[in-house]
Amino acid sequence: MKKIEAVIQPFKLEDVKEALKAIGIDGMTIIEVRGHGRQKGHKEVYRGQEYQVDLLPKVKLEMIVASARVDEVVQTLSTAARTGKIGDGKIFVTNVEEAIRIRNDERGEAAL
Amino acid sequence: MFWKTCLFLLTSVALNAQVASNADARLKSLEDATRAAQSSGDNAWMLTSCALVLFMTGPGLALFYGGLVRSKNVLGTMMHSFSLMVLATLLWAVVGYSLAFGEGNPFIGGFQYVFLHGVGATPNADYAPTIPHLTFMAFQLMFAIITPALISGAYAERMKFSTMLVYTTLWMLVVYFPMAHMVWGKGGLLNASLGGRIPCLDFAGGTVVHITSGISALVAALVLGPRAGYGREPMKPHSLVLSVIGACMLWVGWFGFNAGSALNASGLASSAFVATHFGAAAAAAGWMLAEWLHNGKPSILGAISGCVAGLVAITPAAGFVQPMPALAIGFLAGLFCFFMVTIVKMKLGYDDSLDAFGVHGAGGTLGALLTGVFATSLVNPIFKDASGRTLASGLLEGNAAQLGHQAVGVLIALSLGAAGSFVCLKIAAALCGLRPSSEQEEDGLDLSMHGEEGYNLES
């Protein structure tokens, strides 16, 4: 099992959700986050007081998938979230040791 | 024959007298009816104005200021405005109205109206002959509420609540009641219409409300020192949405403030209404233009700040100037207050959290002086010579001395406000301490002073 974490542009969330649903992935957790990579922030001015805003709003998706499906999911996600500009975000893949369904103690990929 | 003639004459005299007395009675009842009609018309507008001016403080100012602070201080800031609606009312009822509007010396009123003794439905002929004395008292009370609330913009996010209550109570006694008496009270030093020695034109409170609160705010900001983290941490307004709603309510409420200051529903009230509206619009345009040129973008915060600056500046002038000068006063106020808030404040480095001085002090001063320039007897024939002929009002009409009288009014308001605010703060600090602990300030006044939070989104 692998955990896929993707930080994407908030306005791409719907596209990504639909694309993943189309390949049969319907479980995911979404977190609203702030952050920045190489994308520059912007300047805000309130009555002459200037603020450089570096941390921009992003959406982070987390999902656990069977190892065999990782490449397919990452490819779908990446295509759906891409605009081609700086700030599109990143995808991280890590190993997951165990998954347990709380309702009935099912374990492993059966619990996904 | 002789007796018959006498009898006839006597009868006709008696009949005539009866006809005459009938006519007198009818005339008198007509006069009474006319007076009652005018009184109800005027009173309807004045009661509406009372409500409009209260509406400026809560929710108007509470939202305007509440949106400009960080979210952890939104309730503390709104509480300033709201608690002053309570505190100023109590003070006013007990002693404030008397000290401001009782007959005393040129500097402060006497005790004749203490506990509102003798203030009832019968009009006070000196102040407002066509409305109940109670209405006049209530209208003036609403001004006494908003003035200290304006100061809260300078100490927002960093004054202990108990200190704020003590400071404001003292400030009302030392600064507001005397200043209101000097400008509006019978026999007050600066009262232009009721025999003041230095006739200063202040239609709706440029000196009394805005200069005194503005300069007191600056002194408070200096005595308190900057908010913890000022200049290092971001202190962005947490919700300009609230501020925009509040500013729009201020704009609407200001019609009561200025047009209501005619104290009747006459053409003068219409004149003040129009001047107020034009001043606000022109000032918003002035600030936006300056900001657009200076920063490259016009902001909504700039537009609403400009609008308030214009309303402040037109306040002393509203019942003395024609619509076109009102546009000029507003536009200049927009430019001037932009300059004060964004450039002068940065240079001097004081932390007037919400710019109570930059908007009210600066705008009020500019407006008071420009009133001396643009006031015209065509709008309000306030000065008359011994034979009752109308005299010139302002500089452009040929009364150059008026500018000097306005300057004296401004100087008195500035000095009294600055000295009064300093002394009251020092006394309040000695009694209750000045600022919350740094931990309390870090947590925010909502939690540390009031034990609650403005936004409980998870509940």
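Residues numbered from 1 in each chain as written. Chains lettered and ligands numbered in written order. Predicted model: local features only at pLDDT ≥ 70, side-chain atom pairs only at ≥ 80, totals over all residues.

## Some thoughts on the overall build of chain B
Looking only at helices and strands, chain B features 13 helices and 0 strands. Reported as C-alpha extents along the three principal axes, the dimensions of chain B are approximately 115 × 45 × 45 Å. Within chain B, the proportion of its 459 residues that are buried is 55%. In chain B, the proportion of contacts linking residues at least 24 apart, taken out of those at least 6 apart, comes to 75%. (Helix = DSSP H or I, 4+ residues; strand = E, 2+ residues; numbered from the N terminus. Buried ≥ 20, exposed ≤ 12 C-beta atoms within 10 Å, placed from the backbone. Contact = placed C-beta atoms within 7 Å.)

## Considerations on the confidence of the model for chain B
Residue and element names in this part refer to chain B. Of all residues in chain B, 97% attain a pLDDT of 70 or more, and the chain-wide mean is 94. Here helix H1 (residues 2-68) stands out as the least confident element of chain B, with mean pLDDT 87; helix H6 (residues 240-259) is the most confident, with 98. Model confidence for the complex is summarised by a pTM of 0.87, with the ipTM given as 0.75. (pLDDT = per-residue confidence, 0-100.)

## Side note on the environment of Gly229(B)
By the secondary structure assignment, Gly229(B) is in the loop between helix H5 (206-224) and H6. Sequence separation between Gly229(B) and Glu442(B) is 213 residues; the distance between their C-alpha atoms is 9.4 Å.

## Side note on the interface of chain B and chain A
Taken residue by residue, the interface counts 12 residues in chain B and 6 residues in chain A. Among the elements of the structure, helix H8 (300-314) and helix H9 (323-348) of chain B are those that each provide at least two residues to the side of chain B that touches chain A.

## Remarks on H6(B)
Residue and element names in this part refer to chain B. Between its terminal C-alpha atoms H6 stretches 28 Å, which fits the 28 Å expected from 20 residues at 1.5 Å a residue. Maximal helix bending in H6 amounts to about 30 degrees, located at Gly253. With respect to burial, H6 is a largely interior element, 14 of its 20 residues being buried. (Expected span 1.5 Å × (residues − 1). Bend = angle between axes of the 7 residues up to and from the residue.)

## Examining the sheet that holds strand S5 (residues 56-65) of chain A
Residues and elements named next belong to chain A. Spatially, S2-S5-S1-S6 is the arrangement adopted by the 4 strands of the open sheet, whose pairing is antiparallel. Edge positions in the sheet fall to strand S2 (29-35) and strand S6 (89-95), since each has one partner strand and no second. Averaged over all neighbouring strand pairs, the angle between strand axes comes to 20 degrees, with direction disregarded. Examined bridge by bridge, strand S1 (residues 2-8) and S6 share 7 bridges and lie antiparallel to one another. Of the residues in S6, the one forming a bridge with Lys3 is Thr94. Helix H2 (residues 70-81) contacts S1, S5 and S6 of the sheet and is inclined by roughly 5 degrees relative to S1. (Pairing = 2+ DSSP bridges. Axes fitted to C-alpha atoms, helices over the stretch in contact; angles between N-to-C directions.)

## Focus on unusual backbone geometry
For the bond running from Gly58(B) to Pro59(B), omega is 10 degrees, close enough to zero to count as cis. Examined against the element boundaries, Pro59(B) turns out to sit in helix H1. Residue Arg47(A) is not a glycine yet carries a positive backbone phi of 45 degrees. Note on Arg47(A): 22 C-beta atoms within 10 Å, which makes it buried.

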